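Overview (structure and organization)
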Amino acid sequence: MKKIEAVIRHFKLEEVKDALTQAGVQGMTVSEVRGFGRQKGHKEQYRGAEYTVDFMPKVKMEVVVDDQTAKTVIDTIIRTARTGQIGDGKIFVTSLDETIRIRTGETGEESI
């Protein structure tokens, strides 16, 4: 099993969610996060004073899938979240040893 974490732009969330649903993903966790990478934030003015906004608002999606579905999920996220500009985000893939559904006690792929 793989845990796929994708940090993407806010306005791409619905498009990515819909594409993943069509690809067969049945669940995901979404969090609002802030961070920076090569984008390095931007400068704004407030009451005449200039300041730097270092941490940009993003959305973090977490999806757990079986090994066979992982490549499809990654390709779907890349295809739908890409704008071609700096700041499109990142995808992190982690192998999971075990998952457990709390309600039923199911483990492994049956739990996802």
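The written sequence of each chain sets the order in which its residues are numbered from 1. Where local features are concerned, this predicted model is filtered to residues with pLDDT of at least 70; where side-chain atom pairs are given and counted, the filter is 80 or more; whole-chain, interface and lining totals use all residues. As a rule here, side-chain values come from all non-hydrogen atoms in the structure, and water together with hydrogens is ignored.

Under an unreviewed UniProt entry, the protein chain has the name Nitrogen regulatory protein P-II and belongs to Rubinisphaera italica. On record in UniProt, under Subunit (unreviewed entry), the comment for the protein chain is "Homotrimer." UniProt positions are given in the numbering used here, feature names are shortened, and annotations may be inferred rather than shown by experiment.

1. A look at helix 2 (residues 67-81)
Spanning 15 residues, helix 2 covers 22 Å between terminal C-alpha atoms, matching the ideal 21 Å at 1.5 Å per step. Classification of residues uses two cut-offs on accessible area relative to the type maximum, computed with a 1.4 Å probe and protein chains only: under 20% is buried, over 50% is exposed, and between them is partly exposed. Secondary structure elements follow DSSP: runs of H or I no shorter than four residues count as helices, runs of E no shorter than two count as strands, and numbering proceeds from the N terminus. Among the residues of helix 2, those classed as buried are Ala70, Val73, Ile74, Thr76, Ile77, Thr80 and Ala81. Viewed along the axis of helix 2, the buried residues span an arc of 165 degrees, placing them on a single side of the element. Across helix 2 from its buried face, at more than 90 degrees, point the exposed residues Gln68, Lys71 and Arg79. Expected span, for any helix, means 1.5 Å times one less than how many residues it has. Here the arc refers to the set of directions running from the helix axis out to each C-beta atom.

2. Re helix 1 (residues 13-22)
Those residues of helix 1 not exposed but buried are Leu13, Val16, Ala19 and Leu20. All buried residues of helix 1 lie within an arc of 135 degrees about the axis, which places them on one face of the element. On the buried face of helix 1, the contacting elements are strand 1 (2-8), strand 2 (29-35), strand 5 (56-65) and helix 2. Gly24 sits one or two residues past helix 1 and shows a positive phi near 100 degrees. The contact rule is simple, with two residues in contact once any of their heavy atoms fall within 4.5 Å.

3. Some remarks on the sheet that holds strand 6 (residues 90-95)
If you walk across this open sheet you meet the four strands as 2-5-1-6, and the pairing is antiparallel. Unpaired on one side and paired on the other, strand 2 and strand 6 mark the two borders of the sheet. Within this sheet the neighbouring strands show an average axis-to-axis angle of 20 degrees, counted without direction. Examined bridge by bridge, strand 1 and strand 5 share seven bridges and lie antiparallel to one another. If you follow Lys3 over to strand 5, its bridge partner there is Val64. Strand contacts of helix 1: strand 1, strand 2 and strand 5, with the helix running at about 10 degrees to strand 5, the strand carrying the most contacts. Sitting on the sheet, helix 2 touches strand 1, strand 5 and strand 6, and the angle it makes with strand 1 is about 5 degrees. At least two bridges found by DSSP between two strands is the condition for calling them paired. Orientation is described by lines fitted to C-alpha atoms, with helices fitted over the stretch in contact, and by angles between N-to-C directions that extend from 0 to 180 degrees.

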